[in-house]
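Descriptive structure summary
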Amino acid sequence: GVLTLYEESPLLKGTNFVGDAQLSVLGKGEKRIVSYALDNKTTIDRADKSTSTEGQITAERGVIRTAVKSRAETVYTIKAPAEEDRVVVIEHPRMGADYKVVEPDPKDVEVTDTHYRLKVAVKAGETKPVRIVLENQLWQSYSISDMPVEQLLSYASTRGTLAPAVRKAFGE
C-alpha cells in the first residue's frame with residue numbers, strides 16, 4: 001500500500017507533508033527501510049580506493065601459488081545542515097560473498113542480500129567522514145614452466161612474502 005508521511009512544523013503550527021512511499025507486502029516480523037524523500041540540506045560525498053597486494057608465496061612441484069589480498073575502501077563524507085542533527089543510513093553495495101567488512105566493526109553493520117547498511121548520527125553543522133573497508137583474499141596459481149625469466153626474478157627479489165630459502169631458490 002501507500003504510506004504518507006507528515007512532520008510536525010512549529011513554524012506552520014501544524015503538520016507538513018513530507019512524502020509518499022509505496023510499500024510491498026511484508027511478512028510477519030519482517031523489517032524494511034522505506035526511502036521516501038531526498039534531504040537537500042544534507043550532503044554526502046563518496047571517494048573510493050582499491051588496492052591488491054600479494055602476500056604469502058609458495059612454490060612446490062613446479063607451481064607458484066600467491067595469496068592476493070584485495071582491499072576496497074570507501075569514505076563517505078556527510079555534512080549535516082547548520083541547525084539540525086541527522087541520522088543517515090548509508091547503503092553500501094556488497095561486492096560478493098568473499099569480501100568481509102573490516103571497518104567499521106562488522107557488529108555495527110547490517111547485511112542485506114545486496115548491501116551493507118550503516119547508521120550514522122551527525123550533529124548539526126558537523127562534517128563526518130565514515131570509512132567502509134572490505135577485504136578478501138584469494139589464491140592464484142602459476143606454472144613455473146610457463147613463466148618468463150623476468151617474472152621469476154621479480155618473485156625472487158621483491159614480490160610478496162617469501163621464505164628466505166624459497167627466495168634464494170628463485171635466484172638460482
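Quick look at the structure, then. (Residues numbered from 1 in each chain as written. Predicted model: local features only at pLDDT ≥ 70, side-chain atom pairs only at ≥ 80, totals over all residues. Heavy atoms only, no water.)

1. Digging into the nonpolar core
Selection criterion: To define a nonpolar core, start from buried Ala, Val, Leu, Ile, Met, Phe, Trp, Tyr and Cys residues and group those joined through side-chain atoms within 4.5 Å. Only protein chains enter the accessibility calculation, which uses a 1.4 Å probe; a residue is then buried when its area is under 20% of its type maximum, exposed when over 50%, and partly exposed in between. The secondary structure listing takes helices from DSSP runs of H or I that are at least 4 residues long and strands from runs of E that are at least 2 residues long, numbered from the N terminus. Any two residues whose heavy atoms approach within 4.5 Å at even a single point are treated as in contact.
Counting 15 residues, the largest nonpolar core has Ile78, Ile90, Leu118, Val120, Val130, Ile132 and Leu134 as the members making the most contacts within it. Listed by contribution, the elements that provide at least two residues to this core are β4 (63–79), β5 (86–93), β8 (115–122) and β9 (127–143). In terms of residue count, β8 provides more of this core than any other element does, 4 residues in total. Among all residues touching Val130, those that are not within four sequence positions of it are Thr74, Val75, Tyr76, Ile78, Ile90, Leu118 and Val120.

2. Some remarks on the sheet that holds β9
Formally: Two strands make a pair as long as DSSP finds a minimum of two bridges between them. As a rule, the C-alpha atoms of each element are fitted with a line to give its axis, helices using only the stretch in contact, and angles between N-to-C directions run from 0 to 180 degrees.
The antiparallel open sheet is built from 4 strands, whose spatial order is β3-β4-β9-β6. The sheet is open, and its two borders are formed by β3 (43–60) and β6 (100–103), each paired with just one other strand. The sheet shows a mean angle of 25° between the axes of neighbouring strands, taken without regard to direction. Looking at chain direction, β4 and β9 are connected through 17 bridges and run antiparallel. Residue Ile64 lies in a different strand from β9, and its bridge partner there is Tyr142.

3. Side note on the environment of Ala21
If you trace the backbone, Ala21 turns up in strand β2 (residues 14–22). We classify Ala21 as buried; its relative accessible area is 7%. Between the alpha carbons of Ala21 and Leu5 there is a distance of 8.2 Å; along the sequence they are 16 residues apart.

The analysis is restricted to geometry; functional conclusions fall outside its scope.
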